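Summary of structural features
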Amino acid sequence: MNTKCHFCGNKNFKETKVQYIYKHNDKFLIMDDVPCEQCEFCGEQYFEGKILRQIEEEFNRIYVQGKKPIKELRIPIEAFPAMI
Ligand SMILES: [Zn+2]
């Protein structure tokens, strides 16, 4: 898919599966095992547009149509200056 990494210029990529975090209006969807191409040098991840659209559709199925996801997490949120 890629010929050259936009960040480091490296030309070697590996096909892999990663966790992708989609955020929209402060709502999150964590998607596991998303196929991507990863730069072997800097680790930057590249996703096909088609795959990103599928994640967006799943986000809508869950948040708009009420589909039940396979798992839900409670996520703690902190503000950096208030950390101590
Ligand atoms: Zn790179």
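Given the structure is predicted, the values throughout are model-derived calculations rather than measurements.

About the criteria used
Residues numbered from 1 in each chain as written. Predicted model: local features only at pLDDT ≥ 70, side-chain atom pairs only at ≥ 80, totals over all residues. Heavy atoms only, no water. Pairing = 2+ DSSP bridges. Helix = DSSP H or I, 4+ residues; strand = E, 2+ residues; numbered from the N terminus. Contact = heavy atoms within 4.5 Å. Axes fitted to C-alpha atoms, helices over the stretch in contact; angles between N-to-C directions. Core = buried A, V, L, I, M, F, W, Y, C linked by side-chain atoms within 4.5 Å. Buried < 20%, exposed > 50% of the residue type's maximum accessible area, 1.4 Å probe, protein only.

Re the sheet that holds strand β1 (residues 13-24)
Pairing is antiparallel across the open sheet formed by three strands, whose spatial order is β1-β2-β3. Each end of this open sheet is capped by a strand with a single partner; those strands are β1 and β3 (45-46). Sheet analysis places β1 next to strand β2 (residues 27-39), joined by eleven bridges and oriented antiparallel. Paired with I21 across the two strands is I30, which belongs to β2. Contacts from helix α1 (residues 49-63) reach β1 and β2, with the element oriented near 165° to β2.

Re the nonpolar core
V18, Y22, L29, V34, C36, F47, I51, I55, F59 and I62 together form the largest nonpolar core, which totals ten residues. Of all elements in the fold, only β1, β2 and α1 reach the threshold of two or more residues within this core. Sort the elements by how many residues they give to this core and α1 lands first, with four residues. Setting aside chain neighbours within four positions, we find C36 in contact with K14, E15, T16, V18, Q45, Y46 and F47.

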